[in-house]
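Summary of the model geometry
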Amino acid sequence: MTSDNPFVPYPATLKRVTDLTLDVKLFCVEFNDHVLRESFDYMPGQFGFLSAYGVGEAPFGITSVASHKETVDFAVRQVGTVSYALHELQQEATVGVRGPFGNSWPMEDFKGKNLVVIGGGIGFAPVRPVITWVLENREAYGDMLIFNGARTPSDLVFASEFDTWASAPGTKLELTVDRGDDSWEGRVALLPDVLMELNPSPKNAVTVICGPPIMIKFTLEKLKKLGFEDEQIFTTLESKMKCGLGKCARCNVGDKYICQDGPVFNYAQISQLIEQF
Amino acid sequence: MTQVISKQDLLSWLGKVAEQRIIVAPVRDGELVLFKEISNVEDIVVGAANTVLSPKEFFFPRSETLFTVEGKDGTSEVVPVNLDREVVLFGLRPCDAKGIVLIDKPFCADPADTLYKQHRAMTTLVGLACTEACADGFCTSMGSGPGDASNVDILLTGVGDSYAIQVITDNGKALLSGAKTQEVDVSLPAPPTVSELPTDGLVEKAEKVFNNEYWSRVADRCLHCNVCAYVCPTCYCFDIRDYNDRGRIQRVRAWESCQSPGFTKIAGGHNPRANKGARLRQRWYHKFLYFPHQFDAEVACTGCGRCVRSCPVNIDIREIIRDIQSLEAPSD
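Predicted model only: the values in this text are computed from it and were never measured.

Remarks on the sheet that holds strand E7 (residues 123-128) of chain B
Strand pairing in a sheet relies on backbone hydrogen bonds. The paired strands run either parallel or antiparallel. Residue and element names in this part refer to chain B. If you walk across this open sheet you meet the eight strands as E3-E2-E6-E7-E8-E9-E1-E10, and the pairing is mixed. Edge positions in the sheet fall to strand E3 (32-37) and strand E10 (182-184), since each of these pairs with one other strand and no more. Neighbour-to-neighbour, the strand axes of the sheet open up by a mean angle of 35 degrees, direction not taken into account. Alignment of strand E2 (residues 22-29) against strand E6 (residues 87-92), held across three bridges, turns out to be parallel. By the bridge assignment, Val24 is partnered in E6 with Leu89.

Some remarks on the nonpolar core
For soluble globular proteins, nonpolar side chains are generally found buried alongside one another. Membership of the largest hydrophobic core comes to 152 residues, with the highest contact counts inside it found for Ala75, Val117, Val157 and Val208 of chain A together with Leu156 of chain B. A per-element tally of this core places helix H2 (residues 94-108) of chain B first, with six residues. Summarising the domain contributions, this core has at least three residues from each of domain 1 (10-101) and domain 2 (114-236) of chain A. Non-local contacts of Val117 of chain A, meaning those with residues more than four positions away in its chain, are made with Val127, Val130, Ile131, Met144, Ile146, Phe147 and Val208 of chain A.

Some remarks on unusual backbone geometry
Trans peptide bonds make up most of the peptide bonds, and negative phi angles are found at most residues other than glycine. Cis geometry marks the peptide bond from Gly262 of chain A to Pro263 of chain A; its omega dihedral reads 10 degrees. Within the secondary structure layout, Pro263 of chain A lies in the loop between helix H7 (258-261) and strand E15 (264-266). The peptide bond linking Asp110 of chain B to Pro111 of chain B adopts the cis configuration, its omega dihedral lying at -5 degrees. Assignment of secondary structure puts Pro111 of chain B in the loop between H2 and helix H3 (114-121). Phi angles above zero are rare outside glycine, and Asn226 of chain B is one such case at about 75 degrees. Examined against the element boundaries, Asn226 of chain B turns out to sit in the loop between helix H6 (214-219) and helix H7 (227-231). Asn226 of chain B gets classed as partly exposed once you count the C-beta atoms within 10 Å, which come to 18.

Side note on the environment of Arg281 of chain B
Residue and element names in this part refer to chain B. With respect to the helices and strands, the residue Arg281 is situated in helix H8 (residues 276-295). Judged by C-beta crowding, with 26 C-beta atoms within 10 Å, Arg281 ranks as buried. Separated by 66 residues in sequence, Arg281 and Trp215 have C-alpha atoms that sit 6.0 Å apart.

A short note on the domain arrangement of chain A
All names here are of chain A. What the domain assignment reports for chain A is domain 1 (10-101) and domain 2 (114-236). Computed over C-alpha atoms, the centres of domain 1 and domain 2 are 24 Å apart. With 14 residues of domain 1 at the interface, the matching set in domain 2 holds 14 residues. Here the side of domain 1 that touches domain 2 is composed, by residue class, of seven nonpolar, six polar and one charged.

Considering the sheet that holds strand E9 (residues 171-177) of chain A
Residue and element names in this part refer to chain A. Strand order in the open sheet formed by seven strands is E10-E9-E8-E7-E11-E12-E15, and the pairing between neighbours is mixed. The sheet is open, and its two borders are formed by strand E10 (187-188) and E15, each paired with just one other strand. Bridging between E9 and E10 involves two bridges; their strand directions are parallel. Along E10, the bridge assignment pairs Val177 with Val188. On top of the sheet, helix H3 (residues 128-136) reaches strand E7 (114-120), strand E8 (144-150) and strand E11 (205-210); it is set at about 150 degrees to E7, its chief contact.

Calculation criteria
Residues numbered from 1 in each chain as written. Chains lettered and ligands numbered in written order. Predicted model: local features only at pLDDT ≥ 70, side-chain atom pairs only at ≥ 80, totals over all residues. Pairing = 2+ DSSP bridges. Helix = DSSP H or I, 4+ residues; strand = E, 2+ residues; numbered from the N terminus. Axes fitted to C-alpha atoms, helices over the stretch in contact; angles between N-to-C directions. Core = buried A, V, L, I, M, F, W, Y, C linked by C-beta atoms within 7 Å. Buried ≥ 20, exposed ≤ 12 C-beta atoms within 10 Å, placed from the backbone. Domains from an automatic or database assignment. Contact = placed C-beta atoms within 7 Å. Nonpolar A, V, L, I, M, F, W, Y, C, P; charged D, E, K, R; others polar.

Laid out in structure tokens, this is it:
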């Protein structure tokens, strides 16, 4: 660490920049400090801040897993000031990284359970490390049903990994888009409807879900219909954040800070918050 | 026996202190009285009214550079700012001292805010008890009071032409060495009476009326000017931004307020707290429910009355406290 000031990022380098979709890039970030490359440890669901120096910093979910030591990866959609600036950067550019922050998907509690992993659009990025983690520890978990939904086929993120996931033992991948194109032979349907059709059993199962609010809303309704209880449904909350340290109070909701008490909550916890985001 | 110092000896002591340290005290600035770094101890103003702004800015400045990034060989090197000044904050009122101790909670919670802690460690607090109640204060209802000595290093109380001295901490004792004080047989004057608010069962009541339309009704006239947060000794929300001055990049932290429309707005446009009622409610609930819960602390209001005095549309936190007692839980 360059200093013991928690606001000062670790200097890092963009080792690889890959287009995942027209407006989403995958940044594979390598710490400049060799020791940190080895020691930087985190769990699926945690997040970090990326700095585009001179423009600012913003929080992004870490989409890699810690066993992958070479780089720490962030899938960033070009949507705000900082993400625009990051998208302008080329390979080998210097960025800053702070993290890891927040709690994580409770991978320990998920052991022995069937998983339904649901990601919509860029919301797939924070659930991706759940998949990687499960595949790396395959025998510890039950069946895994993955839903990746997007507006169009070219908006589906992590397409290069679909074959790996689909062919993994005890794992099923379902892709769906709202609108197809000439080359798309897969499903054209809304994700909540596909979920109903596949009818996953809530028995000994948990679901992790992330996506746009409207998708979450309708998917939650369907999950309830399928018999999933609030305690079985986990999501990660997005919020304005400036510090990640429980200080700036931007992500304060009820008596929680999303940056420290979250970003992962189950719906039983969310429904207990006095204010509903 | 009480240790006292005459006004004249107080000034000569402060003059001596000023040779070693920076003194921050209330001084006149145009029509306002503000805490400022002083160059002459004669400029210090110790009237009955409190300063327009709380002294929180000497620990949590309005804007402060967290670090600078200097370009070298095409790479960035992060150079954190460091502070090296000792400060005496003189003449702060018990409500403001309590405000500082309250915002210690978030800033000093692990991992501590480095700059805040440095400001705090380098500052000795010399408080001044209130011998007259101020117009809109309600400190006694918020766990403090005009003679509260618990959050300062030294507390002075005006007694005739002198000040009675209560030394609270070792820091205070060290600072006072060299002052010409006397032991005399006077007792501290009784603190003035401050009007009380009905706070019994306030939190329990507030939990039930979160969804009452009251919040939107009160906030209807709010201009979201943020003055309530800026004058408040305990409002501590902040923003962080980068400034790029011809390649010299500064990351700056600045005051922000939950009353700003964009406070919770995220990239892409979603804003979970898009209406004024929800934002006004957030400020109140953060102070009275969330903060005590999060930090196992008292309410984050010191009853200084500044937001009452400063609000251009007369939104009155005392009125809200009174109103809550008679609000009904919404029926849905």
